[in-house]
Amino acid sequence: LANVADVSLAELVKALKEQNFSGMRKWVADNGNDDPVRLYRKIYDSLYDIMDKSTIPNAVLILARYQYQAAFCADQELNLTACLTEIMVECSFK
């Protein structure tokens, strides 16, 4: 797998924008096994580039909750998929 710093979010953002759950799940399966803290941070750092400003606060709250849960969950892929599903449903993209 690619280093998390090198993971491209373009495919993920496209899936989220299109509300393509299968595409998002494929991205998570391919990239979700990396360090969860760095992965959530990379998504957080990209919010201003990919989302409407009015939904960024909601995305931050979602990311923070799931990043915290990542420390305790048994399945990181399931946790990340749940996080991104919530972002897909609750947030608007540019």
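Heads up: these notes are all about the structure in this document. (Residues numbered from 1 in each chain as written. Predicted model: local features only at pLDDT ≥ 70, side-chain atom pairs only at ≥ 80, totals over all residues. Heavy atoms only, no water.)

Our next topic: the overall build of the protein. Looking only at helices and strands, the protein has six helices and zero strands in total. For the protein, the C-alpha radius of gyration of 12 Å lies close to 12 Å, the compact-globule estimate for 94 residues. Each principal axis of the C-alpha atoms in the protein carries an extent, and together these give about 30 × 25 × 25 Å. Looking at the protein as a whole, 39% of its 94 residues are labelled buried. Taking contacts inside the protein between residues at least 6 apart in sequence as the whole, the part at least 24 apart equals 70%. Total accessible area computed for the protein in this model is approximately 5400 Å², and 52% of it derives from carbon and sulfur atoms. Here the protein contributes 10 positively and 13 negatively charged side chains, and the mean placements of these two sets differ by 5 Å. (Helix = DSSP H or I, 4+ residues; strand = E, 2+ residues; numbered from the N terminus. Rg over C-alpha atoms; globule rule 2.2 N^0.38 Å. Buried < 20%, exposed > 50% of the residue type's maximum accessible area, 1.4 Å probe, protein only. Contact = heavy atoms within 4.5 Å. Areas by Shrake-Rupley, 256 points an atom, 1.4 Å probe, with all protein chains shown as cover. Lys, Arg positive; Asp, Glu negative; His and termini not counted. Charge placed at Lys NZ, Arg CZ, Asp CG, Glu CD.)

Right, let's talk about the nonpolar core for a bit. Judged by nonpolar contacts, the single largest core of 27 residues is most densely connected at Leu12, Met24, Trp27, Met51, Leu80, Leu84 and Ile87. Elements with a minimum of two residues in this core: α1 (10-17), α2 (21-31), α3 (36-45), α4 (47-50), α5 (56-70) and α6 (76-90). For this core, the element with the most residues is α5, which contributes six residues. Every residue in contact with Met51, bar those within four places of it in the chain, is listed here: Ile56, Ala59, Ile87, Cys91, Ser92, Phe93 and Lys94. (Core = buried A, V, L, I, M, F, W, Y, C linked by side-chain atoms within 4.5 Å.)

The next point concerns the packing of α5 against α6. Between α5 and α6, the shortest axis-to-axis distance is 10 Å and the interhelical angle comes to 170°. One element, α5, and the other, α6, form an angle in the roughly antiparallel class. In this structure, α5 contributes Asn58, Ile62, Leu63, Arg65, Tyr66, Gln69 and Ala70 to the contact, and α6 contributes Gln76, Asn79, Ala82, Cys83, Glu86, Ile87 and Glu90. Taken together, the residues of the contact of α5 with α6 sort by class into seven nonpolar, four polar and three charged. (Axes fitted to C-alpha atoms, helices over the stretch in contact; angles between N-to-C directions. Parallel < 35°, antiparallel > 145°, perpendicular 65-115°, else oblique. Nonpolar A, V, L, I, M, F, W, Y, C, P; charged D, E, K, R; others polar.)

On to α3, then. Where α3 is concerned, the buried positions are Leu39, Tyr40 and Ile43. Seen from one end, α3 has its buried residues packed into an arc of 95°, which puts them on one side. In this structure, the buried residues of α3 make contact with α1, α2, α4, α5 and α6. (Arc of directions from axis to C-beta.)

Moving on: α1. Looking only at α1, the buried set comprises Leu12, Val13, Ala15 and Leu16. When α1 is viewed along its axis, its buried side chains cluster within an angular range of 160° and face the same direction. Structurally, α1 contributes buried residues whose contacts are with α2, α3, α4 and α6. In the segment just after α1, Gln19 is the residue with positive phi, at about 50°.

Taken by themselves, the reported measurements are silent on function.
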